[in-house]
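Structural description and commentary
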Amino acid sequence: MLKTILKLLLSVFFLWALAYPFMQSNEQEVEEQTTGEQPKKVKKKEKPLHNVTLPKFSEFADVKEKKQAFFDFIRPHVEAENKKILQQRAKLEIARMMLEYNEPLEKKQQRDIVNILKAYGLPETVNTLILSQALRRVDIIPKELALMQAANESAWGTSRFARIGLNFFGQWCYSKGCGMVPRRRNTGAAHEVAAFKSVRAAVSSYFRNINTHSAYKDLRLIREDLRRQQKPIAATALTHGLMSYSERGEAYIEELNTMINQNRAYFDE
């Protein structure tokens, strides 16, 4: 009797062992059917690198309203920078005139001049030659040109670099972590797109770039020549000194001039 029971138990165990893999497979299959859907990838929203509340330029349905909002947002910073530059320029012109007439500069006046020279990357020796070089750099950028470059480079304030890093002028930087890494940066390239904490800082950086970088020496020479001829510093004249600003070269300049002419109605509003 005992022997018969053991044979029966062994038969049951043997049958269970044969069936177990299929039972396991079915359980896994059911589990896969219930949980096998691939989770949808949620695109992580990139956080701004600043605390500035920007107008939602991409949400404007009316083109004129969008342009007006963009110009109203950027224009005050451009005008403030030009005002500061004109004040610096006046100090340089007075100092140069005094030196030409052998008049000594006051200590505060001397300090102010040295600070200006330092800010524009010039030798800190105060003489008529250096001051003349400084006046070539310390000069305005017409607001029409600055505004249209901002609009062009930032896609009217909607680009990733404008939204995340307040970079409205497409400016690069070259130290790791200085800004935002372009998504389509070439292999081996090390540049980043600069990020700023304020709109004024972005505008100031753009002015400094145009007024000091060797790539824009031609623009400064055109501007100096207009001064010498006592002609207005026209935006469309200065664009010809921006050949190095974009890889598109002449096409970029033509586009800027077209944009300037098409948007004149907005510049003084």
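Scroll up to find the structure this text is about.
To keep things clear, this report deals only with the structure shown in the data block. (Residues numbered from 1 in each chain as written. Predicted model: local features only at pLDDT ≥ 70, side-chain atom pairs only at ≥ 80, totals over all residues. Heavy atoms only, no water.)

**Structural notes on unusual backbone geometry**
Using the following cut-off: In DSSP terms, a helix is any run of H or I states spanning at least four residues, a strand is any run of E spanning at least two, and both are numbered starting from the N terminus.
In this model, N102 sits at a positive phi of 60°, which is unusual for a non-glycine residue. For A155, which is not glycine, the phi torsion reads 55° and is therefore positive. Within the secondary structure, A155 sits in the loop between α5 (143-154) and α6 (160-165).

**Quick notes on the packing of aromatic side chains**
Threshold: Only Phe, Tyr and Trp rings take part, Trp by its six-membered ring, and two of them pair if their centres are within 6.5 Å. Stacked means planes under 30 degrees apart, edge-to-face means over 60, and tilted covers everything else. Throughout, exposure labels follow a simple rule: accessible area from a 1.4 Å probe, protein chains only, divided by the maximum for the residue type, with under 20% read as buried, over 50% as exposed, and the rest as partly exposed.
A complete count under the given rule lists 14 aromatic pairs for this structure. Judged by centre distance (5.7 Å) and plane angle (70°), the rings of F71 and F267 are edge-to-face. Residue F71 is found in helix α2 (residues 63-100), and its partner F267 is found in helix α11 (residues 264-267); the two are separated by 196 residues along the sequence. Taken individually, F71 and F267 each receive the classification buried, so the pair is uniform in this respect. For the ring pair Y245 and Y252, a centre distance of 6.1 Å and an interplane angle of 0° mean the geometry is stacked. Aromatic rings pair up to connect F57, F70, F71, F73, W156, F168, Y266 and F267 into one cluster.

**Considering the pattern of salt bridges**
The condition that has to hold: Criterion for a salt bridge: a side-chain nitrogen of Lys or Arg within 4 Å of a carboxyl oxygen of Asp or Glu.
Counted under the stated rule, the structure contains 15 salt bridges. Here K84 makes a salt bridge to E81, at a shortest N to O gap of 3.0 Å. Of the two residues, K84 and E81 are both situated in helix α2; the distance of three residues between them amounts to about one turn of the helix. By relative accessible area, which is 33% here, K84 ends up partly exposed. Taking the shortest distance from any N to any O, the salt bridge between R228 and D225 comes out at 3.1 Å. With R228 and D225 both in helix α8 (residues 217-228), this residue pair falls three residues apart, about one helical turn. Of the residues examined, R228 reaches a relative accessible area of 56% and is grouped as exposed. Residue classification places D225 among the partly exposed positions, given a relative accessible area of 32%.

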